[in-house]
Amino acid sequence: MTAHPNGRMEGLVFAHADGSPLRPQWVLDQLRKRTAEHGLPKIRLHDLRHTAASIMIAEGIPLAIVSKTLRHATLATTINLYGHLFKDSADQAVNALARALNRAQASRLRALPDSDDGMPLAA
């Protein structure tokens, strides 16, 4: 990839130093050679794309950013392909909402004046 003047990376994933594309078969041959050298299972180049997406999701990168990085046409495409990686998301969302409501309620109760019996007065 070639460095963008603003520090962003753009261009081809597999390119010569001048930015020109590498021959696809050469890239595939190199991948097969390197994985064999390290005793790794055979993988396709496209598997690297799925691995990158899975790592980004596991690291908490917002799904919209993952989708743009993968250059999916829509966010729905990304969700359809990788939604299963968010199996705990609904629980996390509900728990976050419960924590926020509990903090708000605690803050509200601290702000209310006490009655004669020491209990906060209802608003």
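Just so we're clear, the structure is a prediction, and the values are computed from it rather than from any experiment.

Definitions and cut-offs
Residues numbered from 1 in each chain as written. Predicted model: local features only at pLDDT ≥ 70, side-chain atom pairs only at ≥ 80, totals over all residues. Heavy atoms only, no water. Axes fitted to C-alpha atoms, helices over the stretch in contact; angles between N-to-C directions. Helix = DSSP H or I, 4+ residues; strand = E, 2+ residues; numbered from the N terminus. Parallel < 35°, antiparallel > 145°, perpendicular 65-115°, else oblique. Left-handed = near helix turned anticlockwise from the far one by under 90°. Contact = heavy atoms within 4.5 Å. Nonpolar A, V, L, I, M, F, W, Y, C, P; charged D, E, K, R; others polar. Expected span 1.5 Å × (residues − 1). Buried < 20%, exposed > 50% of the residue type's maximum accessible area, 1.4 Å probe, protein only. Arc of directions from axis to C-beta. Salt bridge = Lys/Arg side-chain N within 4 Å of Asp/Glu carboxyl O.

Let us now look at the packing of helix H2 (residues 45-58) against helix H3 (residues 63-70). For the pair H2 and H3, interaxial distance at closest approach is 10 Å and the crossing angle is 160 degrees. Taken together, H2 and H3 sit at an angle that is classed as roughly antiparallel. Remark: the crossing between H2 and H3 carries right-handed chirality. Of the residues in H3, those in contact with Arg49, Ala53, Met56 and Ile57 of H2 are Leu63, Val66, Thr69 and Leu70. Of the residues belonging to the contact of H2 with H3, the class tally is six nonpolar, one polar and one charged.

For H2, which comprises 14 residues, the first-to-last C-alpha distance of 20 Å matches the rise-based estimate of 20 Å (1.5 Å per residue) to within 8%. The complete set of buried residues in H2 reads Ala53, Met56 and Ile57. Axial view of H2: buried residues confined to an arc of 100 degrees, hence all on one face. Exposed side chains of H2 directed beyond 90 degrees from the buried face belong to Ile55 and Ala58. The inward-facing, buried residues of H2 contact H3 and helix H4 (75-82). Just downstream of H2, Gly60 is the residue with a positive phi angle, here 85 degrees.

Now for the pattern of salt bridges. Going through the model one piece at a time under the given rule, you end up with two salt bridges. For Glu37, the salt bridge is made with Arg34, and the minimal N-O distance between the two is 3.4 Å. With Glu37 and Arg34 both in helix H1 (residues 24-37) and three residues apart, the pair spans about one turn of that helix. Relative accessible area serves as the criterion here: at 41%, Arg34 is assigned to the partly exposed category. Between Arg44 and Asp47 there is a salt bridge whose closest N-O contact spans 2.8 Å.

None of this, on its own, says anything about what the molecule does.
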